[in-house]
Every structure is written in C-alpha cells, then in structure tokens.
Amino acid sequence: MFKLIRTLHIYVSMFGLAALLFFAVTGITLNHPDWFARSEPIRRQVTGTIDPAALKEPDKLAVVEALRSDLHITGAVGTFEVTDDECFIDFKRPGGAATVVINRQTGQAQATIDSYGPVAVINDLHMGRDAGGPWKLFIDISALLMVFVSITGMLLLFKLPKRQRLGFILGGTGLAACVVVYLFFAP
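The text that follows walks through the structure, step by step, so that each part is easy to find. (Residues numbered from 1 in each chain as written. Predicted model: local features only at pLDDT ≥ 70, side-chain atom pairs only at ≥ 80, totals over all residues. Heavy atoms only, no water.)

Here we take up the sheet that holds strand β4 (residues 96-103). Taking strand neighbours across the sheet as the criterion, the five strands line up as β1-β5-β4-β3-β2 in an open arrangement whose pairing is antiparallel. Strands at the two margins of the open sheet, each flanked by one partner only, are β1 (42-49) and β2 (76-82). Going from strand to strand, the sheet's axes swing by 15° on average, the running direction of each strand aside. Bridge count between strand β3 (residues 86-93) and β4: eight bridges; the pairing is antiparallel. Looking at the pairing, F91 lines up with A98 of β4. Along the sheet, helix α3 (residues 60-71) makes contact with β1, β2, β3, β4 and β5 (108-115), crossing β2 at roughly 120°. (Pairing = 2+ DSSP bridges. Helix = DSSP H or I, 4+ residues; strand = E, 2+ residues; numbered from the N terminus. Axes fitted to C-alpha atoms, helices over the stretch in contact; angles between N-to-C directions. Contact = heavy atoms within 4.5 Å.)

Laid out in structure tokens, this is it:
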C-alpha cells in the first residue's frame, strides 16, 4: 500500500509542480500589487467599419467576429447592448478589456482597448478572472492535485518512523501558524 502511495505521491507531485510554482509566484504578485502591478492601463484607440447591413437587426456573432478580425480585439464578450443608434460591446480577458461603440447607421466602430500588462494577466489567471471554463477546470484540477500530494505526503510519514515525529511537529506548527496569524493578526 505504501509503495503505491509513494509512487503516486512522486509522480502526481511532479505533474503538478509547474502549477504549484505558477500559483506560488502569482500568490506573491497578488499579495504585493504595488511591487508588480501597473496602476494605469496601456490604452489604445482603434477604429474600423462594420457592414451597416449587419447592424440593422444585429447578428451578434457576425459583429463580434468582424471586430475580432478587423480590429484585433480579443477576449470573451461581456455585454452586447443595442440601442436605436448604437451597439455597445464589452470584451473581457485576463489582464485587459475592450469597449466598442458602433454607429448602426454608418458602421463606424470605435474601440478602446486596455491592457494592464503581463503581471495582470497571470494574476487574473491565478483567480480565474475572465479566463473561461477550461482554465477554471485547470485551477480545480491543480487544487485537487495539491490536496492529493499533501495527503499522500502525510501518509508517507507513517512509513518513516525516524522522521515521523519531526514531520508531524512541522506539519502541526504550520497549521498552528495559519490559525494564529488569522486569529490575532487578520483584520
């Protein structure tokens, strides 16, 4: 049984090592935004034209795909609002966003594209913000792998009697530190 646990612990931990490193680094960048994050976005204004015929009874998919193709806008569509005169479309992606206003009569599109830089991208990925379902699934799988590696690591201590005491003392100390810092130092 312990041989299987050790084998699983070794290979699952190696598989999840890159994810653990990613979430550890982004934990630091999130905890210290003043060290890494850009407070003001890099803002670009882009203009283009959408076929006004596509805007009469807006085919939302066709309009969005035209914006992606012609104006090089990326991200998931957040909102798509249509008034008598204009269409308003918001795009969201990790580390940035875009807002597009289209005149329905002329097809003139004005886009404002904001980017907060690579640190904002990895921070948003850490939290799953605007990253889509597959990335959120990746976060869940990574978390489950870390739980599995932690549990199998503790189980392996039972097979190492010389290191068992120190291992459980260090594990208990880590748990106690979490509780003490939360109870006495967190607001």
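Topologically, R104 is positioned in the loop between β4 and β5. Within the buried set, R104 has no salt-bridge partner at all; the shortest N-O distance to an opposite charge, 5.2 Å, is to D84. Within the local environment of R104, its side chain forms a polar contact with the backbone oxygen of L55, the two atoms lying 2.8 Å apart. For R104, the contacting residues outside a window of four places in its chain are P52, L55, K56, E57, P58, V82, T83, D84, D85, E86 and C87. (Buried < 20%, exposed > 50% of the residue type's maximum accessible area, 1.4 Å probe, protein only. Lys, Arg positive; Asp, Glu negative; His and termini not counted. Salt bridge = Lys/Arg side-chain N within 4 Å of Asp/Glu carboxyl O. Polar contact = N/O pair within 3.5 Å; in protein donor to acceptor, adjacent residues only side chain to side chain.)

Right, let's talk about the pattern of salt bridges for a bit. Overall, the coordinates contain three salt bridges when judged by the stated rule. Across the pair D114 and R43 runs a salt bridge whose closest N-O atoms are separated by 2.6 Å. Of this pair, D114 sits in strand β5 while R43 sits in strand β1; the two residues are 71 residues apart in sequence, bridging distant segments of the chain. Here R129 and D124 are joined by a salt bridge, their closest N and O atoms 2.7 Å apart. Overall, D124 belongs to the buried group, its relative accessible area being 9%.

Located in the positive-phi region is H72, a residue other than glycine, with phi close to 60°. Mapped onto the elements, H72 comes out in the loop between α3 and β2.

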